[in-house]
Amino acid sequence: MFAPGQRPRRSGSRSVLTGLLILLALFILQELAAGLLPDIYKGFAGDDRRTLVVGATVAFVLVGLLLYIVHLRGLVPQDAVPEPGAGERASARAALLHAVRRSWTDGADRTWERSVRIELGLAEQQAAVHDPWGAPRLITGGQGSGVPLPAGTRIDEVFDRHRGQLLVLGAPGAGKTSRMLELTEKLIETAERDGTAPVPAFLLLTDWHGEPFVRWILDELHSRYRVPRATGLALLRDNGIALVLDGLDEVAPDLRGDCVRAINGLLSAEQHPQCPIAVSCRSTDYDELAQRLTVNGAVCVQPLEVAAVHALLNSAGGRLRGLAAAAAADPVLARLLTTPLMLGVAVLAYEGVDETEVAASGDAGERRGRIFDAYIERMIHRDRSLRGRPITPGRPAGQVQADLLRLAQSLSLVHATVYYPNDPSHIVLQAPDDVARRLLPSWMYWMLRGMRRMSGYEAGNPASRPNRVYRGMVFVYRVPLPLLGAPVMNHLQRGFLDYATDRAIMRRAGDGYAFLHKTVQDHLAARAGNMSVQELRNLARS
């Protein structure tokens with residue numbers, strides 16, 4: 001790998017070839033000059049043939065030396081970025097530690113997890129990673145398989161056991177991201193004690209759209225944590241950064257295989273084979289991939305046993321009597337509650353609710369959707385902030401629900417799970433062209449096309465980036481419309497996002513915002529997809 005601005009060695013070989021061609025051309029020109037312009041040529045070299053040969057030889061040697069100097073210069077990096085010094089690395093390391101802790105551990109909100117105390121188990125799944133001596137196609141076997149680890153085993157212990165390279169699998173809502181955050185926190189504590197230990201960098205794979213992987217890492221370190229690219233490359237080369245990559249399943253489906261190959265390329269012998277790295281993914285999505293990750297080990301977050309769910313609900317006493325009774329009478333509901341996400345959400349949604357309000361029919365997906373809807377309804381009408389911050393101003397419930405549906409749909413259209421307010425309109429400008437034509441009035445659709453051409457964004461291409469014109473238009477969406485009395489695209493406003501975060505419907509994701517969980521976003525996006533534009537407007541007015 002070459003530093004930014006460094007030229008590869010092939011340019012030197014190309015210079016040698018060019019020099020040989022020049023020598024050949026000089027030789028031909030010499031012969032032409034000797035034959036076509038004998039008087040001029042002999043005027044310099046004379047009539048002696050030996051003098052002609054010696055002069056030509058000296059000329060060729062001088063030209064050869066010049067070409068060799070050009071070749072040597074081609075091997076030297078041109079305009080290479082100076083190697084960061086020890087002080088610069090130490091400063092960047094300390095800044096990265098502070099930024100990751102502030103963004104992902106100190107500021108992490110796990111309200112729904114704290115609603116019940118859950119002890120989750122882990123199971124080794126070595127078959128989930130590539131074995132160079134084994135079968136070419138390996139299957140994880142799904143959740144529940146593998147070798148259970150002793151109760152109380154921490155994720156950082158498993159990470160260390162596999163020499164700092166680990167794949168974390170599990171069902172939707174099983175707690176994979178929570179385990180990744182726990183690992184990040186432990187790595188931060190170790191890095192603060194030991195100045196030589198790697199610093200964790202928590203990155204979201206949903207933000208990867210097919211770029212060269214090392215360049216993407218350096219760009220993310222620069223934009224999310226303000227680490228200079230040259231310093232980030234130096235830390236990465238020295239294994240001074242532990243990459244915590246969350247959400248392989250949240251990469252666009254047609255790019256997941258490329259993402260696995262990109263991660264494996266990063267860990268190849270030619271790049272960074274000893275780089276500390278942890279990757280999380282849903283078990284079912286990982287099983288569908290044709291290629292395995294080449295990390296050292298894999299672990300699966302185990303679901304709760306149904307008996308443990310009943311015990312937890314019964315131990316809560318009268319406040320969850322209705323939910324406990326409904327789960328005891330409904331095996332489908334009880335199985336739904338075996339993941340921390342669903343159990344925590346259901347506890348907050350149905351606290352103090354009678355059994356008849358919990359009971360429902362339909363398949364598991366329909367019941368999961370009803371639990372999410374009940375949770376959102378409950379959180380909207382809470383009379384206090386769940387995070388102890390000042391209460392955000394109240395909003396009409398119908399408007400909040402409509403904005404949540406619009407935001408979920410907008411994110412899903414561009415295969416994103418995190419919205420960054422510092423780039424407010426990109427999820428609209430990147431919406432696929434056929435979707436924009438269907439959802440927008442004709443005059444607005446043509447206006448959107450014009451904005452795309454000026455902004456630098458491409459329809460349906462999340463990897464496209466804005467130009468200077470877009471930066472000048474970035475605050476237009478905040479201008480109030482006199483007839484509506486509300487800002488354009490209210491669901492992208494930071495005030496609305498803070499409101500939804502205070503009520504634990506959304507959460508902070510670094511310097512962006514995400515829904516409580518990807519399954520919540522998928523549910524709301526599906527609901528929005530089944531509604532017309534007019535139905536969404538009627539909901540907002542209700």
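On a predicted model such as this, the values are computed, not experimentally measured, just so you know.

Next up on the list: the overall build of the protein. The helix and strand inventory of the protein stands at 25 helices and twelve strands. Of all 542 residues assigned to the protein, the portion counted as buried reaches 47%. Sequence-distant contacts in the protein: of pairs separated by 6 or more residues, those separated by 24 or more amount to 74%.

Let us now look at the sheet that holds strand β5 (residues 241-246). Read across the open sheet, the seven strands follow the order β2-β1-β7-β3-β6-β5-β4; overall the sheet is mixed. Among the strands making up the open sheet, the edge pair consists of β2 (147-148) and β4 (199-204). Taken together, the three bridges between β5 and strand β6 (residues 277-282) define a ladder with parallel strand orientation. The partner of Leu245 across the bridge, within β6, is Val279.

Before going further, it helps to spend a moment on the environment of Ala151. Residue position: Ala151 is located in the loop between β2 and α6 (155-161). Using a relative accessible area of 84% as the deciding quantity, one classes Ala151 as exposed. Taking C-alpha positions, Ala151 is 6.3 Å from Gly121, a pair spaced 30 residues apart along the chain.

Take unusual backbone geometry next. Phi is positive for Asn239, close to 60°, though the residue is something other than glycine. Assignment of secondary structure puts Asn239 in the loop between α9 (229-237) and β5. Phi is positive for Ala504, which is not a glycine, with a value near 60°. Inspection of the secondary structure assignment puts Ala504 in the loop between α23 (494-502) and β11 (506-509).

Moving on, we come to the pattern of salt bridges. In total, this model carries 17 salt bridges according to the counting rule given. A salt bridge links Arg224 to Glu220, with the nearest nitrogen and oxygen atoms 3.2 Å apart. A residue pair is termed a helical-turn pair when its members lie 3 or 4 positions apart in one helix, as Arg224 and Glu220 do in helix α8 (residues 213-225) at four residues. Given the relative accessible area of 8%, Glu220 is considered buried. Linking Asp330 and Arg367 is a salt bridge whose minimum nitrogen-to-oxygen distance equals 2.0 Å. With Asp330 in the loop between α13 (321-329) and α14 (331-336) and Arg367 in helix α17 (residues 364-380), the pair connects residues that are 37 residues apart, well separated along the chain.

Attention shifts here to the packing of α8 against α9. Packed helix pairs are characterised by how far apart their axes lie and by the angle those axes make with each other. For the pair α8 and α9, interaxial distance at closest approach is 9 Å and the crossing angle is 120°. Comparing their axes, α9 and α8 come out oblique. Crossing hand, α8 versus α9: right-handed. Taking contact as the criterion, the partners of Val214, Leu218, Asp219, Leu221 and His222 in α8 are, on α9, Arg229, Gly232, Leu233 and Leu236. Of the residues belonging to the contact of α8 with α9, the class tally is five nonpolar, two polar and two charged.

Strand order in this open sheet of three strands is β8-β12-β11, and the pairing throughout is antiparallel. Of all the strands in the sheet, just β8 (418-419) and β11 have a single pairing partner and so form its edges. Here β11 pairs with strand β12 (residues 512-515) via four bridges, running antiparallel. Each residue of the ladder has a partner; that of Ala509, found in β12, is Gly512.

On to the packing of aromatic side chains, then. Going through the model one piece at a time under the given rule, you end up with three aromatic pairs. Their ring planes at 65° and their centres at 6.1 Å tell us that Trp208 and Phe213 sit as a pair that is edge-to-face. A relative accessible area of 3% places Trp208 in the buried class. Phe213 gets classed as buried once you look at its relative accessible area, which sits at 6%. Each member of the aromatic cluster is reached from another via a ring pair, and the members are Trp208, Phe213 and Trp216. Sitting above the plane of the Tyr286 ring, Arg292 keeps its charged end 4.3 Å from the centroid.

Taken over all residues, the pLDDT of the protein has a mean of 77, while the share at 70 or more is 73%. In the model, residues 477-487 has pLDDT below 50 throughout and makes 17 contacts with residues more than four positions away in sequence or in other chains.

Residues Leu167, Phe213, Tyr225, Leu243 and Leu248 are the most contacted members of the largest nonpolar core, which totals 74 residues. Broken down by element, the residue count for this core peaks at seven residues, all from α8. Aside from chain neighbours lying at most four places away, what touches Tyr225 is Leu96, Ala99, Val100, Trp104, Phe202, Leu203 and Glu220. Residues Leu323, Ala346, Leu348 and Leu539 belong to the second largest nonpolar core, which totals 57 residues.

This part covers the pairing of β4. In terms of burial, β4 is a largely internal element, six of the six residues being buried. Neither face of β4 is open: one carries Val199, Ala201 and Leu203, the other Pro200, Phe202 and Leu204, and all of them are buried. In the sheet, β4 pairs with β5 via six bridges, with the strands oriented parallel. Within the sheet, the bridge partner assigned to Val199 lies in β5 and is Ile241.

This part takes up the side chain of Thr339. Here Thr339 shows up in the loop between α14 and α15 (340-349). A relative accessible area of 9% places Thr339 in the buried class. Leave out the neighbours within four places in its chain, and Thr339 touches Pro172, Gly173 and Ala174.

Another aspect to go through is the environment of Asp522. If you trace the backbone, Asp522 turns up in helix α24 (residues 518-529). Given a relative accessible area of 29%, Asp522 falls into the partly exposed group. As for Asp522 and Thr417, which are separated by 105 residues in sequence, their C-alpha atoms are 9.7 Å apart.

Time to look at the state of the cysteines. All told, the structure shown has zero disulfides when counted by the stated rule. Cysteine Cys259 remains unbridged, with the sulfur of Cys281 as its closest cysteine sulfur at 9.2 Å. What makes Cys259 buried here is its relative accessible area of 0%.

Analysis parameters
Residues numbered from 1 in each chain as written. Predicted model: local features only at pLDDT ≥ 70, side-chain atom pairs only at ≥ 80, totals over all residues. Heavy atoms only, no water. Helix = DSSP H or I, 4+ residues; strand = E, 2+ residues; numbered from the N terminus. Buried < 20%, exposed > 50% of the residue type's maximum accessible area, 1.4 Å probe, protein only. Contact = heavy atoms within 4.5 Å. Pairing = 2+ DSSP bridges. Salt bridge = Lys/Arg side-chain N within 4 Å of Asp/Glu carboxyl O. Axes fitted to C-alpha atoms, helices over the stretch in contact; angles between N-to-C directions. Parallel < 35°, antiparallel > 145°, perpendicular 65-115°, else oblique. Left-handed = near helix turned anticlockwise from the far one by under 90°. Nonpolar A, V, L, I, M, F, W, Y, C, P; charged D, E, K, R; others polar. Phe/Tyr/Trp six-rings, centres within 6.5 Å; stacked < 30°, edge-to-face > 60°. Lys NZ or Arg CZ within 6 Å of the ring centre and 35° of its normal. pLDDT = per-residue confidence, 0-100. Core = buried A, V, L, I, M, F, W, Y, C linked by side-chain atoms within 4.5 Å. Disulfide = S-S within 2.5 Å.

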